Structure formats: C-alpha cells, structure tokens
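Results of the structural survey
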Amino acid sequence: MKRLKNILGIVAALFIAQPIYAQVVPGAAGYYNDALLFSNTQYGASARVLGIGGAQMSLGGDISNISGNPAGLGFIRRSEISFSPSFSGFGSDSNYLGFNDSDNASNFNIGNLGLVISNVKDPLQLGKWRGGSFGIGYSRMRNFRNNQRYVGENGVSSIIDSFVEQGSGISPSEIGGFGLAGAAYNSYLIDPDPNFPNEYIPFTLAPPFQSELIETRGRIDDINFSYGGNYDNKVFFGASIGISSLNYSINNQFSESFDDPAISGFNIDETLAINGTGVNATVGVIVKPIHWLNLGATIKTPTTYRLSEESFGRIDAFYNNFEYQFINEDGDLESIFLNDEFGETPVFVSDYRITTPMRINTSATLFAGKFGFVSADVEFVDYTRMRINSRDFSPREDNQTIRNIYQNTINYRLGGEFRYDMFRLRAGYNIQGDPYADSDYDRSVQAISFGAGLKFQNYYVDFAFVNTKFNTLYSPYSTSFDTPVAEFENRINSGILTVGFNF
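First things first, this report covers the structure right here in the doc.

Calculation notes
Residues numbered from 1 in each chain as written. Predicted model: local features only at pLDDT ≥ 70, side-chain atom pairs only at ≥ 80, totals over all residues. Heavy atoms only, no water. Phe/Tyr/Trp six-rings, centres within 6.5 Å; stacked < 30°, edge-to-face > 60°. Helix = DSSP H or I, 4+ residues; strand = E, 2+ residues; numbered from the N terminus. Buried < 20%, exposed > 50% of the residue type's maximum accessible area, 1.4 Å probe, protein only. Lys NZ or Arg CZ within 6 Å of the ring centre and 35° of its normal. Axes fitted to C-alpha atoms, helices over the stretch in contact; angles between N-to-C directions. Parallel < 35°, antiparallel > 145°, perpendicular 65-115°, else oblique. Left-handed = near helix turned anticlockwise from the far one by under 90°. Contact = heavy atoms within 4.5 Å. Nonpolar A, V, L, I, M, F, W, Y, C, P; charged D, E, K, R; others polar. Pairing = 2+ DSSP bridges.

1. Details of the packing of aromatic side chains
- Under the criterion given, the structure shown has 22 aromatic pairs.
- A centroid spacing of 4.4 Å and a plane angle of 10° characterise the contact between Tyr31 and Phe393, whose relative ring orientation is stacked. Placement of the pair is Tyr31 in helix α2 (residues 31–39) and Phe393 in the loop between β16 (387–389) and α6 (396–405), with a sequence separation of 362 residues. The same class applies to Tyr31 and to Phe393, which are both buried.
- Ring geometry for Tyr406 versus Tyr436: centroids 5.3 Å apart, planes at 55°, classification tilted. Residue Tyr406 is found in the loop between α6 and β17 (408–420), and its partner Tyr436 is found in the loop between β18 (423–432) and β19 (445–455); the two are separated by 30 residues along the sequence. A single burial state applies to Tyr406 and to Tyr436, both of which are buried.
- Every member of this aromatic cluster is reached through a ring pair, and the members are Tyr96, Tyr150, Tyr474 and Phe488.
- Above the plane of the ring of Phe342 lies Arg314, whose end atom (NZ or CZ) is 4.3 Å from the centre.
- Here the guanidinium or amino end of Arg443 rests over the ring plane of Tyr436, the centre of that ring lying 4.4 Å away.

This is the structure we're talking about:
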C-alpha cells in the first residue's frame, strides 16, 4: 500500500522548481523528500567548534570529536565532561502570488552532552604508543522545528481543481477512500459530473484567497561511543558507533475562502508523524607531520533508519445553508441543506527504511603557536546514493526519482580561533551545497558564526552565535494547468553555551 498521496506539504514538500518537478517519476509517493530531509544533518558540536563554523575534522582535542572525527580524542590528555544548552529562533518570510507574509518559532534544547575518559601515558614513559581516550556523547544532529506561512489570492486555480483531477476515473461509490480527493467528495467540494461518468466538477468556480501554515517539529539525536588513540604524537586514529533517534512531525493547515453566496470556504488539516532509529559508524585519522600542521580525514557510513509513519487528513467546509440537490439511489430528486460539512481520509500507517549517503571529509588546521589556529573542512556527499526500502509499498519510483533530481555536493567549513592568555575569540563560515541537480534555484545553506570563551585550569566556558540562511520553494498542489509556488527565505539564529570540567 502506498502512502496517502496528499497534495499538501506533508508528502509533497516540494522544495522544487518546475524543471525538477518534471523529473519526478509518476507513481512516486514522496519518500524521496523524506530521504533528503533526514540526510541533511549537521555534526553535533560544542560552542567552541560551532564558533569556528564547525571546522573540526583535523582540530583534535575537543569533546565534539566524539561525533565528528573520533581520532581527535587521541589529543585529549585529561578526562572531561561538558554540556551545551542551546536556544534557537526560527523565522521565515514568504512570497506567494505577489503576497508577502512571515512566521517564526523558537526552541530550547541540549545540543551536546559528552564525557571523555582519558588513559594516556605520562610524558616520561617510553614507547611510541601514547594511549588514548574513550568518549560517549549525545548530540542534536538536526532540529526540525519551524513555522512557515503564506497567503495569496489565486485567480488561476483552486486546490479543488486538483481534487477533481485526482478523482478522474474513480466511481462515486469508491472515491470516499481515496485520500483527500475522497474527503473533498464527502464534504461536497467536488460533485459527480452529470455528463461524464466517473468524472467530477468543482462545487464553486469563484477565485479563492488561499493561506497555509506549515508547522514542523522534531529532531534527530545521536548517541556516539568513540575511541581515539595516539601513536607517537604524530598519528591519531579513532572510530565510533552512532545510534540515531529520529522524531519528525508536520502539520499543514491549508484554507481557501470565497466570495460566493453558497460557500464561505474550507480548511484542510493534515498531520504526518514519523519515528524511528538508525545506526552508523565513523572512522577517522589525524596526522601531524610538523608541529604547526594537522591533516585529517573521516568516513561516516550511511545511516540506515527503520521508520514508522502515520498520516491523517480532514477537510471542513463551510456552506451558507445551501440547498444541495442530487439523485438518490431510487432515481428520485432529493435535496439537503449544506452548512458545516466535513470529510476525513483513512489513517495511513507504514514501515520503511531510508539509507542516507556516506559522508567523506578532508581537513587541515594551521597553528600559529600559542596565538590560535585556522581550520578548514571539505566534505563530499552524494545524495543520489540515498535509498528507500519497504515491504508495505514499492519504492522503485521514489528511488528512481532520487537518481533523477539529486546530485553530489561539496560542503565547506572554515574558521579560526585567536588566543590570548585565558581568552578565546572565534569566527567561522560554512556552506552546504545545493543537493538538487539541473535547477536554477539556489538551495545552498550558509552560516556565519562568532564565538568567545574562557579557558581555566580545570574548567572552561564557551559561547557561540550562529546565523543560518537558506531559501526554499513549496507548492501546495499541482494541476494540469497550474502549479502555484511559494518562496520562503528562512533564517535560524542560535546561541550555544558550553560549560566543561576537566578531572
């Protein structure tokens, strides 16, 4: 059984432009969107690492290495524990059919929590093997919380038109179980065409004023078990196992209102909830050929998520005591008066697996003695390698769509730290490449960060501010003659505080 093919953002979260939409394979149920959504993660990090743009793969000596490059744990010579509370504000500005709107949300969470147990040799002990450190950490890899809203007057189409097209070829006795098209039929938004069997016509032809609120919630959290070793203070290597927990929900509240004496308008409320777990592994190395240079590399395996989903939709239509006439089963003319009518979709449940792409990082860090450093990461991700598997439905069309519309990307992270006595100042920049192929619309994600810290003998305090910006496209529905598109300018402002103790 395929996912309920609702045409709002729950399934077709179409952050796409028309050329890409044309490459979506007919029959794809929208899981290709889920695959990208759950593959776009960050590396959980401390305020120190976030302050330098996330560039950490060759740095070493930070508790963030538990989830980043575990080889960096080999630099740590004292056990430590740290926690990083975070506050984020999410905002979006929309443009839809020439109308502007905005919305926002906020969230407090624990972004990073870690413990490192160090077991290193005393500097006076002989031998090239210098010991290592074991780490266990919790990291927030993705925060899905956001509110997006758009409004606009559509003089070309209504979402009812898409219901008419979805119902084409389905008999009135069967359409009630066909997703939102069935709910539209049960709420009288579409009627049987008296001239053509198994075809439908819209209840009203009045141009609608449209609006939608899209609320997303949830997160991806990782718990990592890592070890990093030190050979001769020149070669550091490590490995980690990560257990991912995924929780995601989206609620779409779409409405249309009309200047029509028969109907005031209607609301569509849809909810999708997805939960599951996944497993991944990371191996890494950092080489120190000379005292002022670190070179690093990591390979993070694909994460395979086992997911369960549940979705449901409801339409509430508001009529003005309209007399609705129809032919009953006996062939007689009958009428009822329509006021507040509703229709509901069946509850859809499904289990499936999503495999994210492998991530490969290379990195370099240049040190300026005791005055600080500059670090840079280059990451390669091939989004065409994402895969979907399920026994509940055929994923073939979604997997082919993944190969059609996505591409490999290169992500860059750059940052530096200036040190003076106990004081630290930091700045960084990172950019995630656009995962969509053959598109003129730029969906890259850019972030600028700043940070400061205090380093004492037995504890440290760091703070970072990160400003992230990215643009997305969204289509609430599509018909054979119109696909309205909303453009969103999104921003996230995050403040992260890390407090750590050595022992």
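Structure shown, so let's carry the discussion forward.
2. What about the packing of α2 against α6?
- As a packed pair, α2 and α6 sit with axes 8 Å apart at the nearest point and diverge in direction by 60°. With respect to α6, the element α2 is oriented oblique. Classified by chirality, the crossing of α6 by α2 is right-handed. Where α2 approaches α6, its residues Tyr31, Tyr32 and Ala35 are matched on the opposing element by Asp398, Thr401, Ile402 and Ile405.
- Grouping the amino acids of the contact of α2 with α6 by side-chain chemistry returns five nonpolar, one polar and one charged.

3. Some thoughts on the pairing of strand β9 (residues 263–290)
- For strand β8 (residues 235–257) and β9, the ladder comprises 23 bridges, and the chain directions are antiparallel. What sits directly across from Asn247, in β9, is Asn275.
- Between β8 and β9, which pair antiparallel one after the other, the connecting turn spans five residues.
- Bridge count between β9 and strand β11 (residues 304–327): 16 bridges; the pairing is antiparallel. Within the sheet, the bridge partner assigned to Glu270 lies in β11 and is Gly313.
- The antiparallel hairpin formed by β9 and strand β10 (residues 293–300) contains two residues in its connecting segment.

4. Observations concerning unusual backbone geometry
- Even without a glycine there, the phi angle at Asn233 is positive, about 55°.
- By the secondary structure assignment, Asn233 is in the loop between β7 (209–231) and β8.
- The backbone phi angle of Asp421 is positive, close to 55°, even though this residue is not glycine.
- Inspection of the secondary structure puts Asp421 in the loop between β17 and β18.
- Given the relative accessible area of 61%, Asp421 is considered exposed.

5. Focus on helix α5 (residues 179–186)
- Of all the eight residues making up α5, six are buried; the element is thus mostly covered by neighbouring parts of the structure.
- Those residues of α5 that sit buried are Gly179, Leu180, Ala181, Gly182, Ala183 and Ala184.
- Of the residues trailing α5, Tyr188 is marked for its positive phi of about 70°.

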